[in-house]
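Chain and residue survey
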Amino acid sequence: MTTLEIRLPTDQYRSMPIPGHTYKGKPSKIATCFVRATDIPPELGDWMDVNPRMPARKRDRQELAGRVARRIVKTLQDTPDLFALKNQGIHVLVDGAEFTNEKGGVGILTLRLTDKSRHGIPNGGHTFFAIREAVEDDESDPPEDAWVRLHVLEHVDPEHITELAEGLNRSLQVDDASLHNLEGKFDLIKDALDGKAGADQISYKMGEPGSVDIQDVLSYMAALNPSLFPGDNGKQPNSIFGQPAKVLKYFVDEEDGDGGGFSTMLPHLHEILVLWERVLEECARYSTSQPRLALLNRRKGKENQKKSPRPALFAAGRTIDRRVFSGLVYPIFAAFRANVSEKDWKKGKMSWVVDPELLLEETIDQLCAVIRTAYTDNRSDPAVVGKKQAAYLACYQVVLLKLARMGKLSS
């Protein structure tokens with residue numbers, strides 16, 4: 001008989017009986033605690049028989065597929081400190097659970113699983129495999145700041161496991177339905193991108209193929225939206241970094257009204273997506289004289305820091321050499337809203353003050369230097385940089401100053 005015993009450090013563990021339920025004379029219990037995501041052992045992935053929704057993998061079997069799964073991975077990579085708040089956690093059915101305080105007051109939770117037909121992960125499989133993907137990513141350090149909630153179910157009657165698992169997994173269906181209600185609004189985006197490179201790579205709802213989440217598209221639009229972030233003295237897009245629900249609300253509220261910034265940007269949406277990839281491409285370049293952002297927060301060693309090029313989706317014919325953390329790139333990208341013509345915006349139109357490609361070429365080295373300094377000053381943590389207003393303001397001022405030197409600020 002296969003047996004798995006897991007020991008997990010945790011400060012607190014709370015257990016309570018489930019009213020009216022017992023198994024073999026023992027009260028059924030549910031308990032909860034938080035553990036570091038990096039402490040979740042890979043062996044638990046072999047205990048998925050009790051889960052009705054085995055997470056889908058991409059063809060190479062290394063990455064999770066689907067918009068919900070990719071969103072979980074993105075949170076672990078970009079804002080690991082928010083993971084405990086944004087993720088529902090992992091449910092684990094066990095034969096036994098014991099919490100002890102060991103030498104030095106360290107709390108240890110020991111879980112024992114003895115039967116794959118009765119024990120394992122009935123809900124949270126996507127979270128488990130997303131954690132493993134982030135931990136095993138050779139290009140970056142493990143998400144040490146990420147905590148995940150464990151829901152431990154002990155002495156549950158096997159007859160109820162199927163119903164329990166199906167009930168817990170309904171949360172995915174609710175998410176799908178809520179986004180489905182927005183499909184009519186997303187049609188405007190689909191129309192704007194029709195026939196453009198990369199249009200088929202956008203996933204508009206759960207389960208739909210595509211490597212780019214529609215909420216990421218909206219976040220790129222929001223970062224350049226002067227109606228939301230009008231200038232260098234007001235609020236900066238750091239307030240929406242890692243906050244897809246907030247961006248989605250901005251979009252819905254605006255479209256439910258009289259239109260506005262998002263609608264104004266639609267004719268230039270593909271250019272915005274190209275600009276995002278071009279900023280990524282330039283940030284990912286590396287030379288000893290100009291390192292830019294390519295190797296920040298990467299594991300040490302030549303093997304981990306070598307190129308892993310991938311083709312751009314929207315910027316046809318371009319290649320992005322390495323993955324760069326969004327928290328480092330987003331402040332740079334957001335700075336280009338200084339290049340949106342204020343005069344035309346007030347008339348309900350969007351236009352660029354100068355060619356974004358020219359402006360990118362003129363400012364990218366200085367922008368990367370700003371972010372490298374912010375990275376050093378903020379615990380070498382990309383997620384912290386992505387939430388720092390000062391990083392956005394400094395980048396915005398770099399672009400604004402370049403436009404002033406080009407004599408373009410009156411546009």
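Quick caveat: nothing in here was measured; it's all calculated off a predicted structure.

1. A short note on the overall build of the protein chain
A tally of helices and strands in the protein chain yields 16 helices and twelve strands. The proportion of buried residues among the 411 residues of the protein chain is 51%. In the protein chain, 75% of the contacts between residues at least 6 apart in sequence involve partners at least 24 apart. Put simply, the protein chain shows about 19300 Å² of open surface, and 48% of that area lies on carbon and sulfur atoms.

2. Some words on the pattern of salt bridges
Applying the stated criterion across every chain yields a total of 24 salt bridges. Here Arg71 and Asp213 are joined by a salt bridge, their closest N and O atoms 3.5 Å apart. Pair noted here: Arg71 is in helix α1 (residues 67–78) and Asp213 is in strand β10 (residues 212–213), with a separation of 142 residues, a long-range link. The salt bridge partner of Arg285 is Glu281, with a shortest N-O separation of 3.1 Å. Residue classification places Glu281 among the buried residues on the basis of a relative accessible area of 6%. Salt bridges here are not isolated pairs; linked through shared partners, they connect Arg278, Glu281, Glu282, Arg285, Arg292, Arg318, Glu357 and Asp365.

3. Focus on the confidence of the model for the protein chain
Across the protein chain, the average pLDDT comes to 88, with 89% of residues at or above 70. Model confidence for the protein chain, summarised as mean pLDDT per element, is weakest for helix α5 (residues 170–180) at 50 and strongest for helix α10 (residues 269–283) at 98.

4. Observations regarding helix α3 (residues 125–135)
Where burial is concerned, most of α3 is hidden: eleven out of the eleven residues are buried. Restricting attention to buried positions, one finds in α3 the residues Gly125, His126, Thr127, Phe128, Phe129, Ala130, Ile131, Arg132, Glu133, Ala134 and Val135.

5. Let's talk about the environment of Met221
With respect to the helices and strands, the residue Met221 is situated in helix α7 (residues 214–223). As for Met221 and Phe262, which are separated by 41 residues in sequence, their C-alpha atoms are 6.9 Å apart. Not counting residues up to four positions away in its chain, the partners in contact with Met221 are Phe262, Met265, Leu266 and Leu269.

6. Some remarks on the packing of α1 against α3
Where α1 meets α3, the closest approach of the two axes is 9 Å, and the angle between their N-to-C directions is 45°. One way to sum up the angle between α1 and α3 is to call them oblique. Crossing of α1 over α3 shows right-handed handedness. Every residue of α3 that contacts α1 at Ala69, Arg70, Ile72, Val73 and Leu76 is listed here: His126, Thr127, Ala130, Ile131, Glu133 and Ala134. The residue inventory of the contact of α1 with α3, partitioned by class, reads seven nonpolar, two polar and two charged.

7. Focus: the packing of α10 against helix α14 (residues 356–377)
The N-to-C vectors of α10 and α14 enclose an angle of 40°; their axes lie 10 Å apart at closest approach. The angle between α10 and α14 places the two elements in the oblique class. The element α10 and its partner α14 pack so that their crossing is right-handed. Where α10 approaches α14, its residues Leu275, Arg278, Val279, Glu282 and Cys283 are matched on the opposing element by Pro356, Glu357, Leu360, Ile364 and Cys368. Considered class by class, the residues forming the contact of α10 with α14 number seven nonpolar, no polar and three charged.

8. Considerations on a negative patch on the surface
A cluster of acidic residues, Asp39, Asp141, Glu144 and Asp145, forms a negative patch on the protein surface. Position of Asp141 among the secondary structure elements: in the loop between α3 and β8 (147–154). We classify Asp141 as partly exposed; its relative accessible area is 37%.

9. A few points about the pairing of strand β2 (residues 14–23)
Among the ten residues of β2, one are classified as buried, and the element is accordingly described as predominantly exposed. Bridge analysis of β2 against strand β3 (residues 26–36) gives six bridges, and the strand direction is antiparallel. Residue pairing across strands places Ser15 opposite Ala31, the latter belonging to β3. Joining the antiparallel neighbours β2 and β3 is a turn of two residues, in which Lys24 adopts a positive phi near 55°.

What counts as what
Residues numbered from 1 in each chain as written. Predicted model: local features only at pLDDT ≥ 70, side-chain atom pairs only at ≥ 80, totals over all residues. Heavy atoms only, no water. Helix = DSSP H or I, 4+ residues; strand = E, 2+ residues; numbered from the N terminus. Buried < 20%, exposed > 50% of the residue type's maximum accessible area, 1.4 Å probe, protein only. Contact = heavy atoms within 4.5 Å. Areas by Shrake-Rupley, 256 points an atom, 1.4 Å probe, with all protein chains shown as cover. Salt bridge = Lys/Arg side-chain N within 4 Å of Asp/Glu carboxyl O. pLDDT = per-residue confidence, 0-100. Axes fitted to C-alpha atoms, helices over the stretch in contact; angles between N-to-C directions. Parallel < 35°, antiparallel > 145°, perpendicular 65-115°, else oblique. Left-handed = near helix turned anticlockwise from the far one by under 90°. Nonpolar A, V, L, I, M, F, W, Y, C, P; charged D, E, K, R; others polar. Patch = residues over 30% accessible without salt bridge, like charges linked within 9 Å, V, L, I, M, F, W, Y side chains within 5 Å. Lys, Arg positive; Asp, Glu negative; His and termini not counted. Charge placed at Lys NZ, Arg CZ, Asp CG, Glu CD. Pairing = 2+ DSSP bridges.

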